[in-house]
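# Topology and contacts: notes
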Amino acid sequence: MPSENQRVSNPATDALFVFADNDDTFIFADDDGKQPTNKDDTGSQAVPNSPPAPVAVWKVLIVDDDVLVHRATILALEDCTFESKPLMFLHAHSAAEAKYLIQTHPDTALILLDVVMETNDAGLQVVQYIRAELHNHQVRIILRTGQPGEAPEASVILNYDINDYRLKTELTRQKLITVVISSLRSYGNILTIEKQNSELTHALDNLKQTQARLIQAEKMSSLGQMVAGVAHEINNPANFIYGNLFHTETYVQALLKLIKTYQEHYPTPVQAIQTTAESIDLPFLMEDLPKLFNSMEAGAERIKHIVDSLRNFSRLDEAEIKPVDIHSGIDSTLLILQHRLQANGNHPEIVVIKEYGQLPLVNCYVGALNQVFMNILSNAIDALEMGTQLLETLRERQATSPPLPSSGVEMLDGTEVEMLGTSQGKSLSTSQCIAGNWEMTSETFSQFSLPTIRIRTEIQDANRVLIRIADNGPGMSESILERIFNPFFTTKPVGSGIGLGLWISYSIVVEQHGGHLTCSSAPGKGTEFVIEIFILSLD
């Protein structure tokens, strides 16, 4: 073994080793006028706030303004591997270069960082940049200093997020390898933990979504069973009535014919018959009875149509994809919602305008698509009800309150409303009102006077159809619009909804049918949903 301070020649590197003792070596390298360069700057791109991908090599960034330190570090670690993966070295000779490299190589595993470079605290500034600005808490940072007086260890350890603090003179070859391997192991453990956390988070999200789907599916299945049961119970007596109406009408017509024949042959009946005929108003009875039967037949036809529509809507558990009439599904859904479309204390009658195109049968899951129609139409009715209530409240205020101020905030039924009039004394019809996420102007007041839902179907191309469902309600702000398809997001009061309807609808259209579901809206401009599905399944 060479003695202390013996010079050892290396043909490849011409390095100078200075042995600290018989076992460890403190390494220097002579300055050949060249600085180590970064051979591979094509590493992984920065992906903020996401865990690094599993590494193929361990990236080690050497930051020091002394080229000898770079050369010596490489000599000590060039043949080092960990977990069968080699080390790849990146070189920075200033804090500025270090910041650039760590930003372009966010998957760097270890930084061997000098403290004193262009300034006395340049290395510490790099630490702050990495942790505070890049929010990179995975990379391991080892401070190496030859001037401990400039950065006292006790102060640095307490105030900076580093993983080790070493004097350059104490980092012999073996100790340097030990520190590096320990840091790489720590970095690998962090990657493993973050990967597991990411997988657990993803699994939890999937579990929540599956739970939400199961809840919604169970609700819709129960609704379907209830509707099917009601339809069945109505169908039996309805068929009895409908089937016997024809025979009853035949019998009544025969009796009426008999009465007419009797009147022809016995125009002057006995007094008792005349009295009875007058008391029952026989001429009116004979004229009105056929009309009564016509009305009963129309009512029975209506019941039959309702039962058929209920049966069509109740096919929620059909897992088979089949050609169906889209218009039939929409009409069945409207029938279920008919009681909400009628005028009540919350709103006037909601007008439904149907602009049906000539659509072929569409291959789809009929029950699931009916659920989409139900969710979207229900939301449209909710929006129209809220818009009508707000409008009525504003009109009442206009009629009973003093003139509006030029600006101000008032509370209407618990909703903060900002009045943006242009001058003192302006009436409500010429001022703009913004309530929550709703915006009303004099131009949009009229559109709420007749709540309307417009349904339009059309063929987009050879294999796609569009279903547009629009309302003239208060509309939504952009911030709300961006979140409407998120699970559990709702703007309705507590107890009025759990925020799954539109998310389920999006899943049915996009994931189950491979189509598209989009929404366009603006405050005071109403809302339109567009469903795009394929006529023939792509499966």
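Residue numbers run consecutively from 1 along every chain, following the written order of its sequence. Since the coordinates come from a predicted model, pLDDT governs what is reported: local features require at least 70, and pairs of side-chain atoms require 80 or more to be given and counted, while whole-chain, interface and lining totals use all residues. Think of the side-chain values as coming from all heavy atoms in the structure, minus any hydrogens and water.

Read from one edge to the other, the open sheet built from 6 strands follows the order β4-β5-β3-β6-β7-β8, with strand pairing classed as mixed. Each end of this open sheet is capped by a strand with a single partner; those strands are β4 (81-82) and β8 (164-167). For two strands to pair, DSSP has to find at least two bridges joining them. Numbered from the N terminus, helices here are DSSP runs of H or I no shorter than four residues, and strands are runs of E no shorter than two. Two elements, strand β7 (residues 140-145) and β8, share 4 bridges in a ladder whose sense is parallel. Bridging from a neighbouring strand, I142 pairs with D164 of β8. A contact between two residues is defined here by any heavy atoms of the two lying within 4.5 Å. Fitting a line to C-alpha atoms yields each axis, with helices limited to the stretch in contact; the angle taken between N-to-C directions then spans 0 to 180 degrees. The strands that helix α2 (residues 95-104) touches are β3 (58-63), β5 (85-92) and β6 (110-114); relative to β5, the one it contacts most, it runs at about 140°.

Turning to the pattern of salt bridges, a few remarks are in order. A pair is scored as a salt bridge if a Lys or Arg side-chain nitrogen falls within 4 Å of a carboxyl oxygen belonging to Asp or Glu. Taken as a whole and judged by the stated rule, the model has 15 salt bridges. The shortest N-O distance in the salt bridge between K291 and E287 comes to 3.9 Å. Here K291 pairs with E287, and both are found in helix α7 (residues 282-313), just 4 residues apart, close to one helical turn. The partly exposed category is assigned to K291, whose relative accessible area is 47%. Between E528 and R468 there is a salt bridge; the shortest N-O distance is 3.8 Å. Of this pair, E528 sits in strand β19 (residues 527-534) while R468 is found in strand β17 (residues 464-471), placing the two residues 60 residues apart along the sequence. Buried residues are those whose accessible area, probed at 1.4 Å on protein chains only, stays under 20% of the maximum for their type, while exposed residues exceed 50% and partly exposed ones sit between those limits. By relative accessible area, E528 is classed as partly exposed at 24%. Note on R468: relative accessible area 24%, which makes it partly exposed.

Any two rings among Phe, Tyr and Trp, with Trp reduced to its six-membered ring, count as a pair given centres within 6.5 Å; such a pair is stacked if its planes are under 30 degrees apart, edge-to-face if over 60, and tilted if neither. The tally for this structure, following the rule as stated, stands at 5 aromatic pairs. Measuring from centroid to centroid gives 6.3 Å for W58 and Y187, while their planes differ by 75°, and the two rings are edge-to-face. Here Y187 lies in helix α5 (residues 173-265) and W58 lies in strand β3, a separation of 129 residues in the sequence. Each member of the pair, W58 together with Y187, is buried. On the numbers, 5.0 Å between centres and 40° between planes, the contact of F485 with Y506 is tilted.

This part takes up the sheet that holds strand β18 (residues 516-521). Hydrogen bonds along the backbone pair up the strands of a sheet, which may run parallel or antiparallel. Pairing within the open sheet is mixed, and its 5 strands lie in the order β10-β16-β17-β19-β18. The sheet is open, and its two edges are formed by β10 (351-355) and β18, each paired on a single side. Sheet twist, expressed as the average angle between the axes of neighbouring strands with direction ignored, equals 15°. In this structure, strand β16 (residues 452-461) lies alongside β17, joined through 8 bridges in antiparallel fashion. By the bridge assignment, R454 is partnered in β17 with A470.

Bringing the packing of α2 against helix α3 (residues 122-133) into the picture now. Remark: α2 packs on α3, axes separated minimally by 9 Å, with the N-to-C direction vectors making an angle of 25°. Comparing their axes, α3 and α2 come out roughly parallel. In terms of crossing hand, the pair formed by α2 and α3 is right-handed. Residues A95, A98, K99, I102 and Q103 of α2 form the contact with α3, whose own contacting residues are A122, Q125, V126, Y129 and I130. Note on residue categories: nonpolar means Ala, Val, Leu, Ile, Met, Phe, Trp, Tyr, Cys or Pro, charged means Asp, Glu, Lys or Arg, and polar means any other residue, Gly included. By residue class, the composition of the contact of α2 with α3 is 7 nonpolar, 2 polar and 1 charged. Each angle receives one of four descriptions, namely roughly parallel if under 35 degrees, roughly antiparallel if over 145, roughly perpendicular if within 65 to 115, and oblique otherwise. Here a crossing is taken to be left-handed if its near helix is turned anticlockwise relative to the far helix by less than a right angle, and right-handed if that turn runs clockwise.

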